[in-house]
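Examination of the molecular architecture
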Amino acid sequence: VQALVIILLPFLQSEFGMSYLFMSHDLAVVEHVSHRTAVMYLGGLVEIAPTRELFAAPRHPYTRALLASVPVPDPTVPRRPPIEGELPSAVDPPPGCRFHTRCPLAEPRCRTEVPALRAVGAGTAVACHLA
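These numbers come from a predicted model, not from an experiment.

A short note on the overall build of the chain
Looking only at helices and strands, the chain features 5 helices and 4 strands. Starting at the N terminus and walking to the C terminus, you meet the elements of the chain as α-α-β-β-α-α-α-β-β. Taken along its principal axes, the extent of the C-alpha atoms in the chain is 50 × 40 × 30 Å. By the burial criterion, 30% of the 131 residues in the chain qualify as buried. Pairs at least 24 residues apart make up 35% of the contacts formed inside the chain by residues separated by at least 6 positions. As displayed, the chain has an accessible area near 8,800 Å², and 61% of this comes from carbon and sulfur atoms. Side chains of the chain carry 11 positive and 11 negative charges; the gap between the two charge centres is 4 Å.

And the structure:
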């Protein structure tokens, strides 16, 4: 059923000239059906970019970790470890960047200052002090 719906989406888009907001945790499907992709962490937008660009060169550390965690259907490829660090509360998120408790690049500023979503290229924006 999922495959049929995914096949139907581009047809409906071209046939009726419509746009749609597709939300999913399945990154392979997102990559297949989306022109632009937005990545969220703890309810906040961390990166938005044209899909091909985002999947080829993610700029936010969470987007990088998320894409690196996608399972590879090859038993000879070792599984990547999960994202390390303390998983913060979604009800009471930490101050500063919400990802700083798990970010391998975090610096003191990340713990206190919320990064603004800012343009870093044509059609690309990222909420990271280090991007």
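Still more to cover.
Overview of empty space enclosed by the protein
For the coordinates displayed, the defined rule picks out 1 cavity of 30 Å³ or more. Every residue along the wall of the largest cavity is listed here: H60, P61, C97, F99, H100, C103, C110, P115, C128, H129 and L130. For the lining of the largest cavity, the residue count by class is 8 nonpolar, 3 polar and no charged.

Things to note about the state of the cysteines
Scanning the entire structure with this criterion turns up 0 disulfides. Take C110: it sits in no disulfide, and the sulfur closest to it among the cysteines is that of C97, at 6.0 Å. We classify C110 as buried; its relative accessible area is 6%. For the unlinked cysteine C128, the closest cysteine sulfur is that of C103, found at 6.2 Å. A relative accessible area of 9% means that C128 is categorised as buried.

Some words on helix α4 (residues 61-68)
Residues of α4 that are buried include every one of P61, Y62, T63 and L67, and no others. Contacts from the buried residues of α4 go to α2 (27-33), β1 (36-41), β2 (44-50) and α3 (51-56).

So, a nonpolar patch on the surface
Together, M40, L45 and L117 line one region of the surface with nonpolar side chains, adding up to about 260 Å² of accessible area. Relative to the helices and strands, L45 resides in strand β2.

Here we look at helix α1 (residues 2-16)
Spanning 15 residues, α1 covers 21 Å between terminal C-alpha atoms, matching the ideal 21 Å at 1.5 Å per step. With its phi angle positive at about 60 degrees, G17 sits one or two positions after the end of α1.

About the criteria used
Residues numbered from 1 in each chain as written. Predicted model: local features only at pLDDT ≥ 70, side-chain atom pairs only at ≥ 80, totals over all residues. Heavy atoms only, no water. Helix = DSSP H or I, 4+ residues; strand = E, 2+ residues; numbered from the N terminus. Buried < 20%, exposed > 50% of the residue type's maximum accessible area, 1.4 Å probe, protein only. Contact = heavy atoms within 4.5 Å. Areas by Shrake-Rupley, 256 points an atom, 1.4 Å probe, with all protein chains shown as cover. Lys, Arg positive; Asp, Glu negative; His and termini not counted. Charge placed at Lys NZ, Arg CZ, Asp CG, Glu CD. 1 Å grid on protein atoms, 1.4 Å probe; cavity = no way out; pocket = protein on both sides within 12 Å on 5 of 7 lines; lining within 4 Å. Points joined across faces, edges and corners; volume = space filled by probe spheres on them. Nonpolar A, V, L, I, M, F, W, Y, C, P; charged D, E, K, R; others polar. Disulfide = S-S within 2.5 Å. Patch = residues over 30% accessible without salt bridge, like charges linked within 9 Å, V, L, I, M, F, W, Y side chains within 5 Å. Salt bridge = Lys/Arg side-chain N within 4 Å of Asp/Glu carboxyl O. Expected span 1.5 Å × (residues − 1).

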